[in-house]
Amino acid sequence: MSRKTALVVAPGRGTYNKEELGYLKRHHAHHVELIAGFDAERRRMGQRPLHDLDGAERYSVNEFSRGDNASGLIHACAICDFLDIDTDQYEVVAITGNSMGWYLALACSGSLAQQDGFKLVNTMGTFMQDGLIGGQMIYPFVDDAWREIPGKRTALLSLIEEVPGLYLSIELGGMLVLAGEESALAAAEARLEPIGGRFPMRLANHAAFHTPLQQPVSERGRGALPVELFGKPSWPLVDGRGHIWYPFETSVPDLWDYTLGHQVVQHYDFSAAVRHGVREFAPEVIILLGPGGTLGGAIAQVLIADEWRGLTSKTEFAERQSSDPILLSMGLADQRAKVVSRGKAQTSNLTPWANGRSAE
């Protein structure tokens, strides 16, 4: 049976919500040793184990959206999902991710050993929570059909130039994530027309990620996470500029420098990452790792803007999804069933830990 080629996308912050509570227990009981290793790192840092968080009786936004909790939970869910991709059906051709998802992509690709990958995401999530410098909010520039409204994106970029201390944080499909200190965000909100009672939308417990305000976090990360943790990836990686790191061409010091430097303090272009990923590798499907599936809309908006495979609207994307899905979100039950082998607990379908690394 021929396999379908797949671009794998790792999620960022904000994807483990009330509906995802218990995700590890439901889907990944067979990865008990891996999760136990992650929890050993959590205990070393004096943090609540993932096993306890995921097994909580109820979801609390204040607790679960914190960077020192959300980062570890999302990483564990995503890496376990990646390991459970059915390699009899899908051939991974490249990996990318949104924001924090870049750290997850590194771990999936084998650039970092399993425990080192968790250490990276948990450490950076903790550092960001410790400082919680500034905040983020989202605002769209597409209409209900997910087509760009002429002049809307340009107006948002002009607003960033006009409001002191306001930054472009993430380009996220048909939305821009803006970031800055409270005064800058408040000034921007006052000038943005409310949309549907949702936008502009503030993101709880999110700092001004991917802006110069995160320079202290970048410096702490460089001090705590040495270049020796990193290695060459086993699959091509598409970063937050749309740049591709090919396995045999990657400079490990450059990869470390980008991850703890540019990626932290400069804006993250997830749209470019997806666009370059599908253009360069022409995947037959895109697999979005869990938890959650909220990033699926942003991915679809990138495909529509690029008219990938003739897609020009939300309706056309939905019709394609119902007949022959091109986006498979592992956080959604019906689509997850298409990605994971039935009746088989998979612990090592994908073993990317090359370059002298091992699955600890």
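The structure this text deals with has already been given above.
Now for a look at the structure at hand.

The rules behind each value
Residues numbered from 1 in each chain as written. Predicted model: local features only at pLDDT ≥ 70, side-chain atom pairs only at ≥ 80, totals over all residues. Heavy atoms only, no water. Helix = DSSP H or I, 4+ residues; strand = E, 2+ residues; numbered from the N terminus. Buried < 20%, exposed > 50% of the residue type's maximum accessible area, 1.4 Å probe, protein only. Contact = heavy atoms within 4.5 Å. Areas by Shrake-Rupley, 256 points an atom, 1.4 Å probe, with all protein chains shown as cover. Lys, Arg positive; Asp, Glu negative; His and termini not counted. Charge placed at Lys NZ, Arg CZ, Asp CG, Glu CD. Salt bridge = Lys/Arg side-chain N within 4 Å of Asp/Glu carboxyl O. Pairing = 2+ DSSP bridges. Axes fitted to C-alpha atoms, helices over the stretch in contact; angles between N-to-C directions. Left-handed = near helix turned anticlockwise from the far one by under 90°. Nonpolar A, V, L, I, M, F, W, Y, C, P; charged D, E, K, R; others polar.

When helices and strands are counted, the chain shows 16 helices and eleven strands. For the chain, the proportion of its 360 residues judged to be buried stands at 59%. Contacts spanning at least 24 positions in sequence make up 76% of the contacts within the chain whose residues lie at least 6 apart. A total accessible area of about 14600 Å² is found for the chain, and carbon and sulfur atoms account for 50% of it. One way to put it: in the chain the 33 positive side-chain charges average out to a point 3 Å from where the 43 negative ones average out.

Counted according to the given criterion, the structure contains 14 salt bridges. One salt bridge in this structure joins Glu182 and Arg202, with 2.9 Å as the shortest N-O distance. One end of the pair, Glu182, is in helix α9 (residues 182-191); the other, Arg202, is in strand β6 (residues 201-202), with 20 residues separating them in the sequence. Arg202 gets classed as partly exposed once you look at its relative accessible area, which sits at 33%. Linked by salt bridges that have partners in common, Lys4, Arg320 and Asp324 make up one network.

With that settled, the discussion passes to the sheet that holds β6. One open sheet holds the five strands; their spatial order is β6-β3-β5-β4-β9, and the pairing between them is mixed. Each edge of the sheet is formed by a strand with only one pairing partner; in this case those strands are β6 and β9 (268-269). Here two bridges tie strand β4 (residues 166-172) to β9, and the two strands are oriented parallel to one another. Each residue of the ladder has a partner; that of Glu171, found in β9, is Asp269.

Remark: helix α7 (residues 114-131) packs on helix α10 (residues 215-224), axes separated minimally by 10 Å, with the N-to-C direction vectors making an angle of 145°. For α7 against α10, the interelement crossing comes out right-handed. Counting all contacts with α7, which are made through Thr123, Met124, Phe127, Met128 and Asp130, the residues of α10 involved are Val217, Arg220, Gly221 and Ala224. Along the lines of polarity and charge, the residues of the contact of α7 with α10 split into five nonpolar, two polar and two charged.

Attention now goes to the sheet that holds strand β2 (residues 90-97). Sheet architecture is open: six strands sit in the order β8-β7-β2-β1-β10-β11, paired in mixed fashion. In the strand order of this sheet, the two ends are held by β8 (244-245) and β11 (327-329), each with one partner. Two strands pair when backbone bridges link them, and strand β7 (residues 237-238) and β8 are joined in this way by two bridges, in the antiparallel orientation. Considered in β8, the bridge of Leu237 is made with Trp245. Relative to β2, helix α6 (residues 101-109) is tilted by about 145°, and along the sheet it contacts β1 (4-10), β2, β7 and β8.

Read these as layout, nothing more, since geometry by itself doesn't imply function.
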